[in-house]
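# Topology and contacts: notes
Residues per chain are reported as follows:
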Amino acid sequence: MSKINFLNQNIFFTTRQYAMALKIPIATASRQLQILKKEKSIQIISRGVWGQTQHPFFSPYGAVPYLLGNEQGYVSFLTALHRHDVISQIPQVIQIATTGHGRKLSSSIGEFEFFHIQPNLMQKGIETHSNKLMYNIASPEKALFDALYISSRKGRRFSRFPELNWKMINKKELYRIIDDST
């Protein structure tokens, strides 16, 4: 595969994916990617993760699967509630539920905040967004549940919610998610 074909097919990618697709050593791939970065064709998102911010289908949400690495995770909390029109306020950070450690990541494409959730809570209420970029996102009910879950464990985090559009919440589904988690 050529460099141009690879870049045409991948908005986000890792150094390893690039090297494997072009059948070159990782060190060579790394040097080539640094050159593309200097030319402003791509940006480094996180260590070993690259993105094409000028691509017409670019969205910072598409980086989430790459930032998670080997962890399970999905967009949730206030970010997902906003994406589902449950709240009107736009969160300043992209909030992600993960099986990994909680952490914050500041990158060239935005701020990401990862919250640790028990793996058994990641089995229901998660949808795959698959327009041009694929990533997992909590349903409105699951995002509300996750925010309430974290607020019960992290002190004042999510202790106040913006005004909720309850018309966008399926209460039966919310109760089912609550029942399944206990």
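Higher on the page you've got the structure.
Quick look at the structure, then. Bear in mind the structure is a predicted one, so any value in this text is a computation, not a measurement.

### Here's the deal with the overall build of the protein chain
Across its full length, the protein chain carries seven helices and nine strands. For the protein chain, the residues scored as buried account for 43% of the 182 residues in total. Taking the intrachain contacts of the protein chain between residues at least 6 apart in sequence as the baseline, contacts between residues at least 24 apart amount to 54%. Summed over its atoms, the accessible surface of the protein chain is roughly 10,500 Å², and 49% of this surface lies on carbon and sulfur atoms. Counting 23 positive and 12 negative side-chain charges, the protein chain places the averaged centre of each group 9 Å from the other.

### Structural notes on the side chain of S139
Assignment of secondary structure puts S139 in the loop between β9 (134–138) and α6 (140–153). With residues up to four places along the chain from it excluded, the contact list for S139 reads H84, G125, E127 and I177.

### Here we look at the packing of helix α2 (residues 15–22) against helix α3 (residues 26–38)
Between α2 and α3, the shortest axis-to-axis distance is 9 Å and the interhelical angle comes to 110 degrees. It follows from the interaxial angle that α2 and α3 lie roughly perpendicular. Across from T15, R16, Y18, A19 and L22 in α2, the residues of α3 making contact are I26, A29, S30, Q32, L33 and L36. Of the residues assigned to the contact of α2 with α3, the class counts are seven nonpolar, three polar and one charged.

### A word on the nonpolar core
Looking at soluble globular proteins, one finds that nonpolar side chains tend to be buried together. If you look at the biggest cluster of nonpolar residues, it comprises 42 residues, and the most contacted ones within it are F112 and I117. If you tally residues by element for this core, the top one is α6, at six residues. Those residues in contact with F112 that lie beyond four places of it in its chain are P60, V64, L67, I94, I96, R103, K104, L105 and S107. Counting residues in hydrophobic clusters, the runner-up holds eleven residues, among them L22, L36, I42 and W50.

### Here we look at unusual backbone geometry
Although it is not a glycine, K40 sits at a positive phi angle of roughly 65 degrees. Relative to the elements of secondary structure, K40 occurs in the loop between α3 and β2 (43–46). For K40, a relative accessible area of 68% puts it in the exposed group. With phi around 60 degrees, D85 is a residue other than glycine that occupies positive phi space.

### Looking at the packing of aromatic side chains
A full pass over the atoms with the stated rule returns eight aromatic pairs. Ring-pair connections join several aromatic residues into one group, and the members of that group are F6, F13 and Y18. The side chain of R83 reaches across the aromatic face of Y61, ending 4.1 Å from its centre. Over the ring of F114 we find R103; its NZ or CZ atom is 4.0 Å from the centre of that ring.

### Quick notes on the side chain of K142
Tracing the sequence through the fold places K142 in helix α6. Only 2.4 Å separates the side chain of K142 from the backbone oxygen of L121, close enough to count as a polar contact. Residues within four places of K142 in sequence aside, it is in contact with Y74, S76, L121, K124, G125 and I177.

### Some words on the packing of α6 against helix α7 (residues 171–181)
In the contact formed by α6 and α7, the axes pass within 9 Å of each other and the chain directions differ by 50 degrees. Comparing their axes, α7 and α6 come out oblique. Two packed elements cross with a definite hand, and for α6 against α7 that hand is right-handed. Note on element contacts: α7 touches α6 through E173, L174, I177, I178 and S181, opposite E141, K142, L144 and F145. For the contact of α6 with α7, a count of residues per class yields five nonpolar, one polar and three charged.

The rules we used
Residues numbered from 1 in each chain as written. Predicted model: local features only at pLDDT ≥ 70, side-chain atom pairs only at ≥ 80, totals over all residues. Heavy atoms only, no water. Helix = DSSP H or I, 4+ residues; strand = E, 2+ residues; numbered from the N terminus. Buried < 20%, exposed > 50% of the residue type's maximum accessible area, 1.4 Å probe, protein only. Contact = heavy atoms within 4.5 Å. Areas by Shrake-Rupley, 256 points an atom, 1.4 Å probe, with all protein chains shown as cover. Lys, Arg positive; Asp, Glu negative; His and termini not counted. Charge placed at Lys NZ, Arg CZ, Asp CG, Glu CD. Axes fitted to C-alpha atoms, helices over the stretch in contact; angles between N-to-C directions. Parallel < 35°, antiparallel > 145°, perpendicular 65-115°, else oblique. Nonpolar A, V, L, I, M, F, W, Y, C, P; charged D, E, K, R; others polar. Core = buried A, V, L, I, M, F, W, Y, C linked by side-chain atoms within 4.5 Å. Phe/Tyr/Trp six-rings, centres within 6.5 Å; stacked < 30°, edge-to-face > 60°. Lys NZ or Arg CZ within 6 Å of the ring centre and 35° of its normal. Polar contact = N/O pair within 3.5 Å; in protein donor to acceptor, adjacent residues only side chain to side chain. Left-handed = near helix turned anticlockwise from the far one by under 90°.

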